[in-house]
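Summary of structural features
Given next are the chains, with one letter for each unit.
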Amino acid sequence: MGGPEIERLIELLSRLPGLGPRSARRAALTLLRQPQTRLLPLADAMQRAGQSVRTCSRCGNLDSRDPCSICTDDHRDGSVICVVEGVGDLWALERAAVHRGLYHVLGGTLSALAGIGPEDLNLRPLLSRLEEGGVREVILALGATVDGATTAHWLADRLQPFGVTVSRVAQGVPMGGALDVLDDGTLAAALMARRAG
Amino acid sequence: MSASPPVLLRRLSLGGFRSYDGFAWSDPGRVSVITGPNGSGKTNLLEALSLLVPGRGLRGARLAELPRGGAGHWGVAARFSHGEDGFDLSTGTTAETAPGRRVFRLDGQPPRHRGAIAERLSAVWLTPQMDRLFTEGPGGRRRFLDRLVLAAEPGHATEVAAHDEAMRSRNRLLGQEQPDRAWLAALEASMARHAVAVTAARRGLVSRMNRRLQDDPGDADGFPPVRLRLECPIATRLDEHPAVAVEDWLRSILAESRAIDARAGSARHGAHRADLFLSDARSGQDAALASTGQQKAMLIGAVLAHASLLAELAGEAPMLLLDEPLVHLDAHHRLTLLRALAAMPSQVLLTGTDPEGFAPLAGVAAFFRARQGPDGLSTLEATGAAE
Ligand SMILES: [Zn+2]
């Protein structure tokens with residue numbers, strides 16, 4: 001078509017979630033038609049993000065600072081930690097502005113079928129945070145999938161020795177629903193309706 | 001309860017599906033009869049509609065069997081009306097669909113959650129393969145029951161899928177050298193929770209259908225009044241204990257049977273062990289021991305009773321897809337069936353080899369003939385009333 005550079009661009013774009021080959025070609029065309037206003041600023045933003053964004057060593061969030069801006073925000077309630085599966089869920093909760101405490105990103109859920117076990121989860125830093133003290137409640141905001149529910153149950157069991165209140169986001173999340181696809185109202189209701197256990 | 005207007009099929013389009021491509025069918029009527037020789041594509045049409053609800057459709061086909069010529073992408077798109085209202089529902093695969101999956105679109109959007117489609121459309125079917133329902137293993141009977149339950153409880157398929165996923169996960173974990181015990185306990189808790197939900201829904205439908213069949217056994221010479229019996233230890237427990245107690249019980253027996261289950265590679269307890277039995281309410285005869293014709297009559301009797309129960313409870317009956325319903329039925333039962341379908345407040349599609357048997361539906365049904373052309377593509381032609 002237009003040389004290996006364009007092919008490479010389309011190929012990389014088509015690997016992004018939500019973009020198949022057809023939409024990748026469309027996106028590439030839009031970028032290439034306006035190099036000064038679209039393509040180069042995007043390349044620059046990607047370059048900068050790639051150099052500075054890293055995983056927060058405390059909570060697993062993505063930020064250009066470590067610890068991240070949420071972990072270091074004095075206005076947040078450090079006694080409540082909300083455990084989520086991925087950074088996407090953290091973003092969804094932040095967008096909905098329903099949680100005033102800190103987060104912990106687990107980086108996945110247990111999945112016997114996909115071969116993801118306890119050792120694959122970002123668990124150790126969470127246990128260290130609890131050992132440090134000062135945490136009163138842990139909210140498990142994992143998706144309402146079988147793996148999410150199983151992980152929440154398993155995690156509640158693991159957190160028991162720390163003597164913190166463990167609550168689960170229960171109602172309002174339809175079965176099979178992932179947190180980051182819920183609208184803000186549903187998310188808020190789900191977090192309000194968390195129950196002990 | 002006041003009757004809501006029926007959900008009616010207004011338009012069906014098929015692309016690259018089985019023997020159909022570039023096919024569009026508009027206003028098939030509330031009752032449509034599709035006739036044609038074997039291989040003309042009439043069952044494919046019913047199968048396409050059965051795939052608009054979650055599951056593997058009326059043939060239980062694997063996804064790889066669905067595209068025309070065994071390769072490429074396929075799509076089934078339908079428009080339904082619901083009184084003044086309506087919705088578009090489609091399914092199929094595209095270049096962007098993950099392998100082994102098909103996608104749904106409800107009014108052009110991915111469904112918001114897994115039960116969203118079942119809230120709009122339910123379908124129940126009978127196929128010639130189901131003539132062996134009572135002589136084969138319990139899996140087919142369980143799927144038949146679950147299809148009936150799903151029409152009443154849109155969340156049922158999700159619960160069944162969640163139960164089976166938790167069960168498969170537990171089986172996998174039990175196959176490991178030293179499985180994490182807390183993880184196993186968590187999976188057993190999931191399994192128990194979903195098993196109790198699934199069983200409660202099955203049990204609820206069976207008892208409502210039995211009550212209805214008892215109150216209204218139909219006319220003495222119609223379909224035999226059937227009695228349904230759910231055979232499942234979880235259901236038996238639910239007769240006497242609250243759901244939470246049954247969940248605790250199931251969790252503890254799952255924990256106790258880990259060693260046995262690990263050796264067997266499967267779970268001894270759970271909602272996947274349930275079975276459904278049908279018997280003639282008058283004679284008490286079990287369906288498995290009845291003649292093929294009697295079995296078919298009992299099955300149809302159950303499907304009709306279910307449709308009228310739902311019409312009464314929800315004001316709406318499921319779409320009925322009956323593939324070769326007249327085969328094995330005597331003349332009397334044929335007439336009873338067709339009269340019942342004529343009075344049914346829902347979309348009904350029927351197939352048969354010849355239109356003659358459907359003559360009692362003249363004036364009620366629209367008649368079509370399926371043909372397969374020299375290019376292998378099926379077409380449909382309106383033929384007017386049967387003679
Ligand atoms: Zn952080």
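For every chain, the first residue of the written sequence is number 1, and numbering continues from 1 along that sequence. Starting at A for chains and at 1 for ligands, labels are handed out in the order in which the entities are written. Confidence filtering applies because this is a predicted model: local features only for residues at pLDDT of at least 70, side-chain atom pairs given and counted only at 80 or more, and all residues used for totals across whole chains, interfaces and linings. The side-chain values count all of the structure's non-hydrogen atoms but skip hydrogen atoms and water molecules.

1. Considerations on the UniProt feature "binding site: ATP" (unreviewed entry) in chain B
Residues and elements named next belong to chain B. When the UniProt feature table is mapped onto this chain, "binding site: ATP" (unreviewed entry) is found at Gly36, Pro37, Asn38, Gly39, Ser40, Gly41, Lys42 and Thr43. Helix and strand labels come from DSSP, where a helix needs a run of H or I of at least four residues and a strand needs a run of E of at least two; each type is numbered from the N terminus. Here proline 37 is to be found in the loop between β3 (31-35) and α1 (42-50). Each residue's exposure class comes from its accessible area (1.4 Å probe, protein chains only) as a fraction of the maximum for that residue type: buried when under 20%, exposed when over 50%, partly exposed otherwise. We classify proline 37 as partly exposed; its relative accessible area is 43%. Only heavy atoms matter for contacts: two residues are in contact if any of them lie within 4.5 Å across the pair. Among residues more than four places away in sequence, those in contact with proline 37 are Lys42, Arg369 and Ala370. Looking at where asparagine 38 falls in the secondary structure, it is placed in the loop between β3 and α1. UniProt positions are given in the numbering used here, feature names are shortened, and annotations may be inferred rather than shown by experiment.

2. With respect to unusual backbone geometry
With an omega of 0 degrees, the peptide bond running from Asp66(A) to Pro67(A) counts as cis. Positive phi values are uncommon outside glycine, yet Asp107(B) reaches one of about 50 degrees. Looking at the element boundaries, Asp107(B) is found in the loop between β6 (103-106) and α2 (116-120). Taking the relative accessible area as the measure of exposure, Asp107(B) reaches 40% and is therefore partly exposed. With phi around 75 degrees, His328(B) is a residue other than glycine that occupies positive phi space. One can find His328(B) in the loop between β10 (319-322) and α10 (331-342). Classification of His328(B) as partly exposed rests on a relative accessible area of 42%.

3. Side note on the sheet that holds strand β1 (residues 7-15) of chain B
All names here are of chain B. Spatially, five strands are ordered β2-β1-β4-β5-β6 in an open sheet, and the strand pairing comes out antiparallel. The open sheet terminates on both sides in strands that have one partner only, identified here as β2 (23-26) and β6. Averaged over all adjacent pairs, the angle separating strand axes in this sheet is 15 degrees, with direction ignored. In this sheet, strand β4 (residues 75-82) lies alongside β1 in antiparallel orientation, the contact comprising eight bridges. Paired with arginine 11 across the bridge in β4 is arginine 79. The pairing criterion for strands is at least two bridges between them, as found by DSSP. Simply put, an axis is a line fit to the C-alpha atoms, just over the touching stretch for a helix, and the angle between two N-to-C directions goes from 0 to 180 degrees.

4. A look at the sheet that holds β3(B)
Residues and elements named next belong to chain B. Taken in spatial order, the six strands make up an open sheet running β7-β10-β11-β3-β12-β13, and their pairing is mixed. Only two strands of the sheet have a single partner each, and these edge strands are β7 (123-126) and β13 (378-382). When the angles between neighbouring strand axes are averaged without regard to direction, this sheet yields 20 degrees. Relative to strand β12 (residues 366-372), β3 runs parallel, the two sharing four bridges. Following the sheet pairing, serine 32 is matched in β12 by alanine 366.

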